[in-house]
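Observations on the three-dimensional arrangement
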Amino acid sequence: MYFSVGWPDIFRPKDIDASNPILIRSNDDQSLFAVLTSRSLFIWTSKPRVLASIYARCDKSIADHGPNCELVWAVSGDKLAVATSSGRLLFFRVERPSSEASFPTDQHYGLVSTITLTHTNLVPVPGGPISCMHRIDGPCVVTRTQILCYEWNGSLKYALELPPLVNPNASESEREQERYAVAIRFQPLMRGIGFVFNTGEAAFWLNPAKNKKNLAWAAGVEGACKVELNGKFCLMAVGTKSGKCHVFTLEEELNQLQLAHTLFLASTDYPNLHLGAVKCMQWSPDGFAIAVSWEGFGMAVWSCFGSLLYASVTNDHQILPSWPLHCKMEIFSLTWMAKGFQLLFLANSKHPDAPPTRGNIFQMKFVKSALTSNPCFTNQKHLIMYGDSQVFLQPGESILRTRVMPPIPVATPTDSRSRRTSGPSGFGSDHVQPLHSSMPLNLVVGPTPRRSPSASVTSVLDGVRGNEIAQQKSSLQPWITLQVPEKYIQANWPLRYVVVSDSARHVAVAGRCGLAHCTVATQRWKVFGNVSQESNVSVCGGLAWWRDMIVVPCHNFADDADEIRFYPQAANLDNSNIALTLRLPCTIHLLNLLNDCLSVVTKDKKLHLFGLRLERHGTSGGGMIVLQSMPELSLSAYVPHISHLIALFPTEMSMEASAVGSGGPGVAGGSLPTSLVANVAGRVLVLSRDLVSVPSSLPPESAPSSTPYCRPVALASSVEMIWSAAHSSACRYLKQALWLGCGASGMKVWLPLFPSEDDPQPCFLSKRIMLTFPLRVYPLAICFEDAVVIGAAQSFKEISVNSECSASSQLFPFATVEREVQIYLHHILRSLLRRNAQVHCEEIAQSCSSLPYFAHVLELMLHEVLEEEAVKQPKDALLPSIITFLKLFPQYLEVVGRCARKTEVALWRHLFHNVGNPEELFAECLAHNQLEMAASYLIIIQSIEAPKVSRQHATRLLNSSLEQRLWPLAKDLVRFLRTIAASSEPTTPMSPQGGPPPNIGSPTATERKSLPRLSTVDSTSSQDQPDMNFVRPVFTSGNIQSSREEYFIDVILARHARKMLAEGQLRDLGSFVAYLDFPLKAWLTKERHRSGKVENFMACFQFIHTDFEWPLPNSPVEFCPRLRSRTPQELVFLTRQSASEADGSSSTQPSLLAPHSAPSWSSLAALSTLRDNSSVKSASSLDDMSDMGGGEEPLVMDEGAMSQFNESLKGSLQSERELRYMLAVLLAAGCFDWAVLIAVVLRDSDGVCNIVQVAREVVTSLSDARERREAVEMSERILCGLDTLCNWAKERCEHFSPFLESVAGLWLTIVQIQDAAEVMEKDAESLNADTPTAEAPEQPGATAQTLAAGQRTSSWSSTGSTTSDGGCVIS
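Residues numbered from 1 in each chain as written. Predicted model: local features only at pLDDT ≥ 70, side-chain atom pairs only at ≥ 80, totals over all residues. Heavy atoms only, no water.

1. Examining the overall build of the chain
Scanning the chain from N- to C-terminus turns up 33 helices and 56 strands. Long-range contacts, defined as pairs at least 24 residues apart, comprise 64% of the intrachain contacts of the chain with a sequence gap of at least 6. Accessible area of the chain: about 56,500 Å², with a carbon and sulfur share of 50%. (Helix = DSSP H or I, 4+ residues; strand = E, 2+ residues; numbered from the N terminus. Contact = heavy atoms within 4.5 Å. Areas by Shrake-Rupley, 256 points an atom, 1.4 Å probe, with all protein chains shown as cover.)

Structural data, given as structure tokens:
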């Protein structure tokens, strides 16, 4: 509605003594305002803001007639009267120049003689001193016994005798007290006078000319001191000495005042405030807001029915440490200016350290909703606000599109502490934001306080403040800011009407005269080229868009006629381009459009309906507007005064739910609207179409014999705004609903109740129902498809300022406007369940179940009902019905679990008494595979059950999470179980998500120290290597139970690791290790001859390619021909030389997988940099070795072919990192079969050579017979597996077969060493078994064994033989 922006401007006359001001008053059209001191009168113009005239009384006049004390303006603004403390009236005439004067800029506040202020008369008031003064027909003063009304020439017009001042609500002693008025206000729209008496009572005198006896007394008011009347909404506000302001509605028929609401700053939001008595109050010019200040300090603005819009006293002093002085600002006079866009006030700071404020005038800037002046349908569909010269737009379809949601930005001095983006903007700038841009906006709402020219301009942005769906639904986009051209606004300031097209592509505005419109995408404005045409037209009643035309109701000064004009958007604004002109007999008050139905309300209280149709002419695209007149309707019986009609909407809403849609899809031209909704002084009336006597479609020449609408139905009171969902695609309930913004009472929804299609029996229940729910934001728009209310709230920011702006910044906080989102669906569902309308509730919920935050809606409903009923324990409890309703949706378990987690433990008993045992819910989550929710229930079980029960359920959940590969959850569960094992006390609740996922290619905490090779390889360095076994706690009497639990946890983890390894799921095993900190190397060392065996090489080979998304070898390029050409004898030498290079004998750079240096994690990470040349490095390193063939030419693949080969056979960089990580761990643990398989997948020749070297050292160092036997079995498996891969390669990809044969040839040397060692062991055993005298032949047996071992080389080498020393001796 009304929201303050920025700091107040501070100004005062230059070189003129204007100290000790008393009050400030504006004339009726807010073009002038007067500042009254005890001896002077200052007249200012509002635009531009200059001091235009001064009248100062002499000392003799002050001594004879007393100082000034009160002032009133004439309705025309050309006269004013000043009352003195001695009972005198001074009359003045205000004369403006006939021609436009040349005004200076706003920064000049010296006297500019553009207005003549003439003292015309002085009149003494008979009957004693003046107690108060106001204007009725002229200036009127109140004495103790009567009201004296004067003409503006000073003559007495008439005197009103006050009726008997007897309050029927007062006691006998109070009735006998003398009463006289101390404050008076007259409101012609209410046809009465409001009083405040010296006894602290308030009353309203309705129709003083006829009612001479009775006053309507305000019941329950004590200590009244101020009174203000709102004629548009028929409200009387009474300020009291306690600081509260009571607002009453007038019931004319009963001559009574009904308390509507009370305005005050709640102690819960503003603690420890002592504001004092109400000092001054004033309603805004349009009646939608009221400003209130107090004698102590501070000021606030409320909407007409009680929503707090602005408070100068912030409710969070902790975040505003630099503004302690504004709490001591006493605002003793205020007045609205510029149609409500400015609030002028006089203030005095009581703080000793505050800058001087006496004599200063403060001007606070406001923006307001476009619905206050132009409540048309397109303005309801989109979020649109406007200031005196700017428009702020948020298209409805993009309201919830992005997370960036700034408030309305305002030009401010640079904030060195804020990290915000500034852009090109300044006062008068027409820089605007593109329609769908996400960059911050920069705008200037109005002139800022005087500052250094070098001060930069930035915008103050902020996000959604504490809304419920910030994590579920995207937030609002930035405002689209449109600066009205200076060419138009200079002559027609301020803006009066703003309207946006249905598609939000075009915006039209109107000021004092003429209009202008803008295309939002191109940011180009169109104004009248002919200034005389612009000045001859004044828009009245609003604006509207129909298709691509602007519907303009206006008064034509040239012809003195009231017209409705249709201006095409594409054409220039000129009278020659008007598509249609419709003349009406009376001035237009309101205008609205529903599809092709135009509704017009004129000042004579008549409703005119027109059907619109566009007839095209051929294929040229041109056309003619055909207007069909419908029956007119007189509103005289329902509207006391035309100003009381706030809004009128033609709708497709039917009073009978079964009749919805009877008029067809939409209101077409020539069809009457289904119903009319009117807001009359805050009371909503609904007029339904008479479907029996009047047809829906009427021919143009037909004249109805009866009124086409039935008598109105009073629907609600205290209504500020109305929204209709006629254009929405929401469910039929929300589409046919009527939404009423009721200020402090929240939101009311008039919801239809559609009869069930399955129930043919007649339903005698009401066809509609009124639901009410609270709002914490002021509603500006309703997103029916998203089931949220988009609102606004006042906010304050801490801005660093320079010295020239310090006065305003120290006295008042910097104000911004934040848009907020509030869910309303849970309120509707809850209200329907309360009224036993479960069928309708289910249908609404099912239609909205696709919303991303639907589960949160259900959770809010359950949480609110639980907190209310757990304490009060009502007899008609709603919680069982809520639980039954929630069970209809799959989110039931999630909703209950989240609600319990966010509720106090003391309320759990009441919750689970209705929901059920949490253990049963936990089991149900496991059955439905909702493991994340099961973790929430586990926390609940842990808090209410014994540790043994929690441990059992946690173990079940851990197994399920490991099966489902939910590693973050499994990590939290392991921590949870270890904590339970350490202590039986309740633990800190865990989070189902334990932080960001770790890098799978990175080491775990256990592995981070190093990755040592097997301890049997180098016994001399075993003391420097960490223990490979997982360290367990010592079993003592104190920790025996904890150690047992630790053992069972490790058994569970080991079982799942064994299962993954047996199934070849290496990637899952890597994630398992990374998340759970599992000691993989130590565990693989134990399992290398059990679950670490590769039983099916072919299946594991293909599964690794699939699991790591690594392409199978399918390139026609032959891999490493140099390695393929080597014989097994040559490969043995290559392996020997590779080992010597790794030892540092021939190279200063060791291999990344060298056997005597375990791969560090930094070196593993460095492997990613070798992704594009790893295979080239492997081949070149082999070619650098000694050539066994002497002069043989090296057969190395050229660089281009190798690069093409690498690109075609490699997977992603992350997959390569993970494979090399697993290769390093498996090699260090002695799982050579898996290591060889991964090296083959990577096509890594260096890796194969290093694996062979490590395996040779392990084999030669084995001393235990069992270990040697297991090593032989592993070698046999590897050879058999490589044989299988070779056979597959020969059939599927022949180019890969030579590489596999070379790998098998390398591994054959290990087999030969093992066979030779076995022969030597058997020979030694046979020698020990023989007697000393008997000698057994040695050579034949040895030769036979050696020959048997040599037979294995026949299938891998072309030479078919090998030397025993070459196969066994490795340095």
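2. Observations concerning the nonpolar core
Among the nonpolar cores identified, the biggest contains 225 residues, and Trp 739, Leu 751, Phe 1072 and Trp 1307 are the most heavily contacted of them. Counting residues in each nonpolar core, the second largest holds 39 residues, with Val 484, Ala 510, Phe 528 and Ile 550 among its members. (Core = buried A, V, L, I, M, F, W, Y, C linked by side-chain atoms within 4.5 Å. Buried < 20%, exposed > 50% of the residue type's maximum accessible area, 1.4 Å probe, protein only.)

3. Quick look at the sheet that holds strand β10 (residues 132-135)
What links the strands of a sheet is backbone hydrogen bonding, and the strands pair in either a parallel or an antiparallel sense. Pairing in this open sheet of 4 strands is antiparallel, and the strands run β10-β11-β12-β13 from one edge to the other. With partners counted over all chains shown, the strands left at the sheet margins are β10 and β13 (156-161), one partner each. When the angles between neighbouring strand axes are averaged without regard to direction, this sheet yields 20°. Relative to β13, strand β12 (residues 146-150) runs antiparallel, the two being bridged by 5 bridges. Among the inter-strand pairings, Ile 147 is bridged to a residue of β13, identified as Leu 160. (Pairing = 2+ DSSP bridges. Axes fitted to C-alpha atoms, helices over the stretch in contact; angles between N-to-C directions.)

4. Quick word on the environment of Met 861
Take Met 861: it is sitting in helix α10 (residues 854-872). Along the chain, Met 861 and Leu 829 lie 32 residues apart, while their C-alpha atoms are 7.9 Å from each other. The contact partners of Met 861, leaving out residues within four places of it in the chain, are His 826, Leu 829, Arg 830, Leu 833, Ile 882, Phe 885 and Leu 886.

5. Structural notes on the pairing of strand β33 (residues 506-510)
Successive side chains on a regular strand alternate, one facing one side of the sheet and the next facing the other. The element β33 is extensively covered by neighbouring structure, given that 5 of its 5 residues are classed as buried. Side chains His 506, Ala 508 and Ala 510 of β33 all project onto a buried face; the interleaved residues Val 507 and Val 509 project onto the opposite face, where all are buried too. Sheet analysis places strand β32 (residues 497-500) next to β33, joined by 4 bridges and oriented antiparallel. The residue of β33 that forms the bridge with Val 498 is Val 509. Joining the antiparallel neighbours β32 and β33 is a turn of 5 residues, in which Ala 504 adopts a positive phi near 60°. What sits between the antiparallel neighbours β33 and strand β34 (residues 516-519) is a turn of 5 residues, in which Gly 514 has the positive phi angle 65°.

6. Looking at unusual backbone geometry
Omega for the peptide link from Lys 47 to Pro 48 comes to -5°, which places this bond in the cis form. Along the chain, Pro 48 falls in the loop between β4 (40-45) and β5 (50-56). Residue Trp 493 is joined to Pro 494 through a cis peptide bond whose omega torsion reads -5°. For Pro 494, the position within the fold is in the loop between α4 (486-492) and β32. Although it is not a glycine, Lys 605 sits at a positive phi angle of roughly 65°.

7. Quick notes on helix α27 (residues 1213-1229)
Look at α27: 24 Å from first C-alpha to last across 17 residues, which is about the 24 Å you get at 1.5 Å a residue. The buried count for α27 comes to 14 of 17 residues, which makes it a mostly enclosed element. Positive backbone phi, approximately 85°, marks Gly 1230, located one or two places after α27. (Expected span 1.5 Å × (residues − 1).)

8. Quick look at the packing of helix α8 (residues 825-834) against α10
At their nearest, the axes of α8 and α10 sit 9 Å apart, and the two run at 55° to each other. In terms of orientation, α8 and α10 fall into the oblique class. Considering how the two elements wind past one another, α8 and α10 form a crossing that is right-handed. Residues Leu 825, His 826, His 827, Leu 829, Arg 830, Leu 833 and Arg 834 of α8 form the contact with α10, whose participating residues are Phe 854, Val 857, Leu 858, Leu 860, Met 861, Glu 864, Val 865, Glu 868 and Glu 869. Its residues assigned to classes, the contact of α8 with α10 shows 9 nonpolar, 2 polar and 5 charged. (Parallel < 35°, antiparallel > 145°, perpendicular 65-115°, else oblique. Left-handed = near helix turned anticlockwise from the far one by under 90°. Nonpolar A, V, L, I, M, F, W, Y, C, P; charged D, E, K, R; others polar.)

9. Description of the sheet that holds β4
The sheet built from 4 strands is open, its strands ordered β2-β3-β4-β5 with antiparallel pairing. Here the strands that pair on one side only, and so sit at the sheet edges, are β2 (21-26) and β5. Taking each pair of neighbouring strands and ignoring which way they run, the sheet shows an average axis angle of 20°. When β4 meets β5, the two strands line up antiparallel, connected through 6 bridges. Residue pairing for β5: Thr 45 is matched across the bridge by Val 50.

10. What to know about the confidence of the model for the chain
Of the residues in the chain, 71% reach a pLDDT of 70 or more, and the chain-wide mean stands at 76. Counting contacts from residues 402-475, a segment whose pLDDT is below 50, to residues more than four positions away or on other chains yields 217 contacts. Here residues 984-1038 is modelled with pLDDT under 50, and outside its nearest four sequence neighbours on either side it reaches 103 contacts, counting other chains as well. (pLDDT = per-residue confidence, 0-100.)

11. Some remarks on the pattern of salt bridges
The final tally for this structure, using the stated rule, is 43 salt bridges. Close ionic contact of Glu 228 with Arg 185 constitutes a salt bridge, the shortest N to O distance being 3.1 Å. Of the two residues, Glu 228 sits in strand β18 (residues 224-230) while Arg 185 sits in strand β14 (residues 181-187), which places them 43 residues apart along the sequence. By relative accessible area, which is 11% here, Glu 228 ends up buried. A salt bridge links Glu 632 to Lys 606; the shortest N-O distance between them is 3.8 Å. Here Glu 632, found in the loop between β44 (623-629) and β45 (633-634), pairs with Lys 606, found in strand β43 (residues 606-616); they are 26 residues apart in sequence, far enough to count as distant. (Salt bridge = Lys/Arg side-chain N within 4 Å of Asp/Glu carboxyl O.)

12. Regarding the side chain of Gln 30
By the secondary structure assignment, Gln 30 is in the loop between β2 and β3 (32-37). Within the structure, the side chain of Gln 30 is placed 2.9 Å from the backbone oxygen of Asp 28, a separation counted as a polar contact. When residues no more than four places from it in sequence are discounted, the contact partners of Gln 30 are Ser 46, Pro 285, Trp 336, Met 337, Ala 338 and Lys 339. (Polar contact = N/O pair within 3.5 Å; in protein donor to acceptor, adjacent residues only side chain to side chain.)

13. A few points about the packing of aromatic side chains
The geometry of an aromatic ring pair is captured by two quantities: the separation of the ring centres and the angle between the planes. Considering all chains together, one arrives at 33 aromatic pairs under this definition. Ring centres of Phe 885 and Phe 889 lie 5.1 Å apart, and the angle between their planes is 70°; on these two criteria the pair is classed as edge-to-face. For the pair shown, Phe 885 and Phe 889 are each scored as buried. Among the aromatic residues, those joined into a cluster by ring pairs are Tyr 2, Tyr 310, Trp 336, Phe 366 and Phe 796. Positioned over the ring face of Tyr 180 is Arg 144, at 4.0 Å from the centre of the ring. (Phe/Tyr/Trp six-rings, centres within 6.5 Å; stacked < 30°, edge-to-face > 60°. Lys NZ or Arg CZ within 6 Å of the ring centre and 35° of its normal.)

14. So, the environment of Glu 486
Mapping Glu 486 onto the fold places it in helix α4. With 97 residues separating them along the chain, Glu 486 and Ser 389 place their C-alpha atoms 8.7 Å apart.

15. A closer look at helix α29 (residues 1245-1261)
Over its 17 residues, α29 runs 25 Å from end to end, which matches the ideal 24 Å to within 8%, given 1.5 Å per residue. Taking burial as the measure, the 17 residues of α29 include 15 buried ones, the bulk of the element. By the N-cap criterion, in which a side-chain oxygen at the helix start approaches the backbone nitrogen of a residue two or three places on, α29 is capped by Asp 1244, the distance to Asp 1246 being 3.3 Å.

16. Examining the environment of Thr 1309
Along the polypeptide, Thr 1309 turns up in helix α31 (residues 1297-1329). Judged by relative accessible area, Thr 1309 falls into the buried class, the value being 4%. Distance from Thr 1309 to Arg 1256, taken between C-alpha atoms, is 8.4 Å for residues 53 residues apart in sequence.

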